[in-house]
Amino acid sequence: MRHREVAEAARRVIARSGLDNTRLRDIAEEAGFTTGVLTHHFPDKRSVIFATFAAAYGQWLEEAQRTFAAASDGPELLGALLARAVPSTQSEQRDYRLWIEMLAYACSDQEFAVEVMHVDTLTWERELAMALTRLQKAGLLHENLDVVAEARIMNRLIDGLCIRAWLNDGWADARRHFVIHLAALGVPDPVARTLLSGP
């Protein structure tokens, strides 16, 4: 229980203040207990970062899996994919800073970088490939599209679009470019226009 509370508190503090400005004391205060209680479960900031990433990523992936599974047809699945790829609410857009901070941290911690890339490849790219396969079977993507290769490309496209969107508050532009990419993969123009008119 305490592990989850710490991870949730750390997630909020990091998204609000950035990783460099986050101290164990800040996380403990956010969670409502002493630094001593925190360090009893987590010996250092690095261990908190690993736990926070695992918890936040796991929750985000579960939400993606749930919304993808709940989509009853191709257009609804496209909408769910767009919503997961490019955050549409202000809260989700602010929280995207956590992912940026984690990627930045991975640049200086090789073990963490391996963990991030391993989890991302085995989970999110697999979910993307399965969603793309469903869309292909629904006739919304080109028949000859290599969905596994496209899932990898799309994963990197999403990172680039969202990092830039977070830096300049260009979320609408990121959304538009993602839909343009979907159209290039075969999504018919009327369906693409409907996606652009969404939230």
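Presented here is an overview of the structure given in this document. All values reported here derive from a predicted model rather than from experimental measurement. (Residues numbered from 1 in each chain as written. Predicted model: local features only at pLDDT ≥ 70, side-chain atom pairs only at ≥ 80, totals over all residues. Heavy atoms only, no water.)

This part covers the overall build of the chain. From N to C terminus, the chain includes 10 helices and zero strands. Written out in order from the N terminus, the α and β elements of the chain read α-α-α-α-α-α-α-α-α-α. In terms of overall size, the chain behaves like a compact globule, its C-alpha atoms giving a radius of gyration of 18 Å where 199 residues would be expected to give roughly 16 Å. Counting only C-alpha atoms and orienting by the principal axes, one finds that the chain spans roughly 55 × 30 × 30 Å. When burial is assessed residue by residue, the chain has 45% of its 199 residues classed as buried. If you take every contact in the chain between residues at least 6 apart in sequence, the share linking residues at least 24 apart comes to 67%. As displayed, the chain has an accessible area near 10,500 Å², and 55% of this comes from carbon and sulfur atoms. (Helix = DSSP H or I, 4+ residues; strand = E, 2+ residues; numbered from the N terminus. Rg over C-alpha atoms; globule rule 2.2 N^0.38 Å. Buried < 20%, exposed > 50% of the residue type's maximum accessible area, 1.4 Å probe, protein only. Contact = heavy atoms within 4.5 Å. Areas by Shrake-Rupley, 256 points an atom, 1.4 Å probe, with all protein chains shown as cover.)

In this fold, G170 is placed in the loop between α8 (147–168) and α9 (171–184). In this structure, the C-alpha to C-alpha distance between G170 and I14, residues 156 residues apart in sequence, is 21 Å.

So, on to the environment of Q136. With respect to the helices and strands, Q136 occurs in helix α7 (residues 110–137). Sequence spacing of Q136 and V147 is 11 residues, and the spatial spacing of their C-alpha atoms is 8.5 Å. Beyond its immediate sequence surroundings of up to four residues, Q136 is in contact with L141, H142, E143, N144, L145 and V147.

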